[in-house]
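# Tertiary structure, described
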Amino acid sequence: MKQQSDIIRTFYFEHHQGVSLKSHLEELEDEAIYILREVAGQFQKPALLFSGGKDSITLVHLSIKAFRPARFPYPLVHIDTGHNFPEVIKFRDNLIERIRETLIIGSVEDSIKRGTAKEEKGKWASRNSLQSITLLETIEKYEFDCCIGGGRRDEEKARAKERIFSYRNEFGEWDPRNQRPELWNLYNGKIFYRENIRAFPISNWTELDVWHYIKQENIEIPSIYFSHERDCIYRKNLLFPVSPFIQLDQEDQVYKKRVRFRTVGDMTCTAAIESNASTVEEIIQEIIESNTTERGARLDDKRSETAMEDRKKGGYF
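Residues numbered from 1 in each chain as written. Predicted model: local features only at pLDDT ≥ 70, side-chain atom pairs only at ≥ 80, totals over all residues. Heavy atoms only, no water.

## A closer look at the nonpolar core
Among the nonpolar cores identified, the biggest contains 56 residues, and L62, F165, W205 and W211 are the most heavily contacted of them. Elements with a minimum of two residues in this core: α2 (24–42), α3 (54–67), α4 (86–99), β4 (146–148), β5 (165–168), β6 (196–199), α7 (207–217) and α8 (280–289). With seven residues, the top contributor of residues to this core is α2. Leaving out residues up to four positions away in the same chain, L62 has contacts with E29, A32, I33, L36, I202, W205 and Y213. Listed in part, the 13 residues of the second largest apolar core include V77, I112, I139 and C147. (Core = buried A, V, L, I, M, F, W, Y, C linked by side-chain atoms within 4.5 Å. Buried < 20%, exposed > 50% of the residue type's maximum accessible area, 1.4 Å probe, protein only. Helix = DSSP H or I, 4+ residues; strand = E, 2+ residues; numbered from the N terminus. Contact = heavy atoms within 4.5 Å.)

## Some points on the packing of α7 against α8
Taken N-terminus to C-terminus, the directions of α7 and α8 make an angle of 165°; their axes are 10 Å apart at the nearest point. Put simply, α7 runs roughly antiparallel to α8. For the crossing formed where α7 meets α8, the hand is left-handed. Each of E207, L208, W211, H212, I214 and K215 in α7 lies in contact with α8, whose residues at this interface are V280, E281, I283, I284, I287 and I288. (Axes fitted to C-alpha atoms, helices over the stretch in contact; angles between N-to-C directions. Parallel < 35°, antiparallel > 145°, perpendicular 65-115°, else oblique. Left-handed = near helix turned anticlockwise from the far one by under 90°.)

## Let's talk about the packing of aromatic side chains
Tallied over the entire structure, the rule returns 10 aromatic pairs. Judged by centre distance (5.7 Å) and plane angle (55°), the ring pair of F43 and F165 falls under tilted. One end of the pair, F43, is in the loop between α2 and β1 (46–49); the other, F165, is in strand β5, and 122 residues separate them in sequence. F43 sits in the buried class, given a relative accessible area of 5%. Judged by its relative accessible area of 1%, F165 is buried. (Phe/Tyr/Trp six-rings, centres within 6.5 Å; stacked < 30°, edge-to-face > 60°.)

## Quick look at the pattern of salt bridges
The final tally for this structure, using the stated rule, is 21 salt bridges. The salt bridge partner of R127 is E119, with a shortest N-O separation of 2.7 Å. One salt bridge connects D154 with R152, and the closest N-O pair in it is separated by 3.0 Å. In this structure D154 comes out as partly exposed when scored by relative accessible area, which is 35%. Look at R152 and you get buried, because its relative accessible area is 1%. One salt-bridge network, held together by shared partners, links K54, D55, R152 and D154. (Salt bridge = Lys/Arg side-chain N within 4 Å of Asp/Glu carboxyl O.)

## Things to note about the sheet that holds strand β3 (residues 103–107)
By way of backbone hydrogen bonds, the strands of a sheet pair with one another, either parallel or antiparallel. If you trace the six strands from one edge of the open sheet to the other, you get β3-β2-β1-β4-β6-β5, paired in mixed fashion. Since the sheet does not close on itself, it has two edges, and those belong to β3 and β5, each with one partner. The mean angle between the axes of side-by-side strands here comes to 30°, regardless of whether they run parallel or antiparallel. Pairing between β5 and β6: four bridges, direction antiparallel. From the neighbouring strand, F165 faces β6, where its bridge partner is A199. Sheet contacts for α2: β1, β4, β5 and β6; angle to β5, the most-contacted strand, approximately 40°. Contacting β2 (76–80) and β3, α4 runs over the sheet at an angle of about 160° to β2. (Pairing = 2+ DSSP bridges.)

Put into structure tokens, the structure is as follows:
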């Protein structure tokens, strides 16, 4: 018995000596790259949905790892509300110039002018929900059969219902009861004409995973993620940036606050958090100590209990 144990122990060390196990981030990176390559292999006209936020920037970085030195097998698509943070638009344009990839911009303003989208009224009107209309119009115009998104399961309860390959019908509608099973790492991209798949390569990542990966890979991100001074007003105990897209009333009191943003969206519905975090390391520590989710600062998610799910059923990514 002792001799048999020695043989097993010797076999183990001979076959595992010098072999290091992959880190958690390496496993997530491998999975994401595999999914991106599956998209490229299974679809004729895929696209990468790019918001200028940390998650879509991470997808661009992963695409570079997946396909360089070749060009991406898909363009980047930005659905521009016209109410974006100027810092994010500047970052987007600089990124495209640096990586030399194709950028397609779908304009919510153009959808409004065409009459296919109707602008909300009121002081806190937002164009965020109108993105769904412009996105579906852009998908139809360019005949995209798969759109890669940066959604993660930990963001919001509706996100947690998504598959990696999330099926949309010919009207762009999402039904959580009409999704394909995903066993192991097998992804079903078979669709009929005008149907669509939304692919989520970082679905299994958390917000902290993304930030640790940004730190590890030294990925550049927009300045609004870091602490800075900005004029803000309070609404529902949240700090919102003063911008040309909201009309200040006499009762509004403007405060100059040191803030940063955890998520990127329409300026009218994306709240800031008070923060002194000016480095990625400080942001990571801040998130660890926080008891609210990143989308806790998104007013569009607070319109109803099922706000996100309702938008997704209408075509939102």
